[in-house]
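Remarks on the overall topology
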Amino acid sequence: MKKHLIFFALAATSFSAAAQSPAVASAARPTAATSAAAAPAAYTDMMAATITELHSTGDPAQLKQLASKFERASTVVPADWHPSYYQAYALLINCFTSKEDGDAKDKTLDQAEVALARARKLGGEPSELLVLQAYLYQARLGISPMMRSMKYSALVTEALTEAKKLNPTNPRIYLVQANNLYYTPKMFGGGADVAKPLYEEGKVRFAAFKPSGPLAPNWGERQLLGRLKQYDATAAK
């Protein structure tokens, strides 16, 4: 962790110095073509370690801190979409675990939307971005289910349908789709029984899934398997 903080401090110092001279700043700024080689080892190691930290916590305060860390990382290699993607994801999970009121959560989700839009602009993997967008819609819905169900349930379905067209092997599609059905009342076509086949399909998809690189999205399997264990526990009673 200390190494990562030092790396960020050095990066921040170099950007500040470059900003004093427009010519130097223009020459030093990474482009989409050169960003992969700008700081490959240190940057990838830092990002991978921070992603691991993100996936191992549910503490709202720590999630906010990690979101800020990803935002700072986005200034190190500005052409990389991953920091903005994970910033949005960290803010999203914060909303699921935080005890803040609905207005505060909406503001956090507003920040997540901005980060996700930045990842989209930088050319992030479209299917993954759509799944995360659907997940953000679910978080919006969860703030006020009665008032927001009609709007956001439709938006979740729309985003996931498009994601599945682009990459039907993406396992996170099935997790988010199953979650959407799980929390939809039976009278509206949802419920645990309807969601279970999608969780099971997601399990198969996760077993076959291979991330495209060390920074590629790879979340959701633990949550999905945990849900399936709950089904098994219920059946055993």
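For the structure itself, consult the block above.
What comes next concerns the included structure.

The rules behind each value
- Residues numbered from 1 in each chain as written.
- Predicted model: local features only at pLDDT ≥ 70, side-chain atom pairs only at ≥ 80, totals over all residues.
- Heavy atoms only, no water.
- Helix = DSSP H or I, 4+ residues; strand = E, 2+ residues; numbered from the N terminus.
- Core = buried A, V, L, I, M, F, W, Y, C linked by side-chain atoms within 4.5 Å.
- Buried < 20%, exposed > 50% of the residue type's maximum accessible area, 1.4 Å probe, protein only.
- Contact = heavy atoms within 4.5 Å.
- Expected span 1.5 Å × (residues − 1).
- Axes fitted to C-alpha atoms, helices over the stretch in contact; angles between N-to-C directions.
- Parallel < 35°, antiparallel > 145°, perpendicular 65-115°, else oblique.
- Left-handed = near helix turned anticlockwise from the far one by under 90°.
- Nonpolar A, V, L, I, M, F, W, Y, C, P; charged D, E, K, R; others polar.
- Polar contact = N/O pair within 3.5 Å; in protein donor to acceptor, adjacent residues only side chain to side chain.

Some words on the environment of Thr-44
- By the secondary structure assignment, Thr-44 is in helix H4 (residues 40-55).
- Sequence separation between Thr-44 and Leu-215 is 171 residues; the distance between their C-alpha atoms is 7.4 Å.

Focus: the nonpolar core
- Membership of the largest hydrophobic core comes to 55 residues, with the highest contact counts inside it found for Met-47, Leu-54, Tyr-85, Leu-92, Tyr-199 and Trp-219.
- For Leu-54, the residues in contact, after removing those within four places along its chain, are Leu-63, Leu-66, Phe-70, Tyr-86, Tyr-89 and Ala-90.

Regarding helix H6 (residues 82-97)
- The end-to-end C-alpha separation of H6 is 23 Å, in line with the 22 Å expected for 16 residues at 1.5 Å each.
- Burial within H6 is extensive, with 14 of its 16 residues counted as buried.

Focus on the environment of Pro-145
- In this structure, Pro-145 sits in helix H9 (residues 145-166).
- Remark: the alpha-carbon pair of Pro-145 and Thr-184, spanning 39 residues in sequence, is separated by 9.5 Å.

What to know about the packing of helix H11 (residues 192-208) against helix H12 (residues 221-236)
- Running from N to C, H11 and H12 point in directions that differ by 135 degrees, and their axes come no closer than 10 Å. If you check the angle between H11 and H12, you find them oblique. Both H11 and H12 take part in a crossing whose hand is left-handed. Where H11 approaches H12, its residues Ala-192, Ala-195, Lys-196, Tyr-199, Glu-200, Gly-202, Lys-203 and Phe-206 are matched on the opposing element by Glu-221, Leu-224, Leu-225, Arg-227, Leu-228 and Tyr-231.
- Its residues assigned to classes, the contact of H11 with H12 comprises eight nonpolar, one polar and five charged.

Considering the environment of His-82
- With respect to the helices and strands, His-82 occurs in helix H6.
- For His-82, a relative accessible area of 13% translates into the label buried.
- Each residue touching His-82, except ones within four places of it in the same chain, is listed here: Met-47, Leu-215 and Ala-216.
- Among the polar contacts listed, one links the side chain of His-82 to the side chain of Asp-80, at a separation of 2.7 Å.

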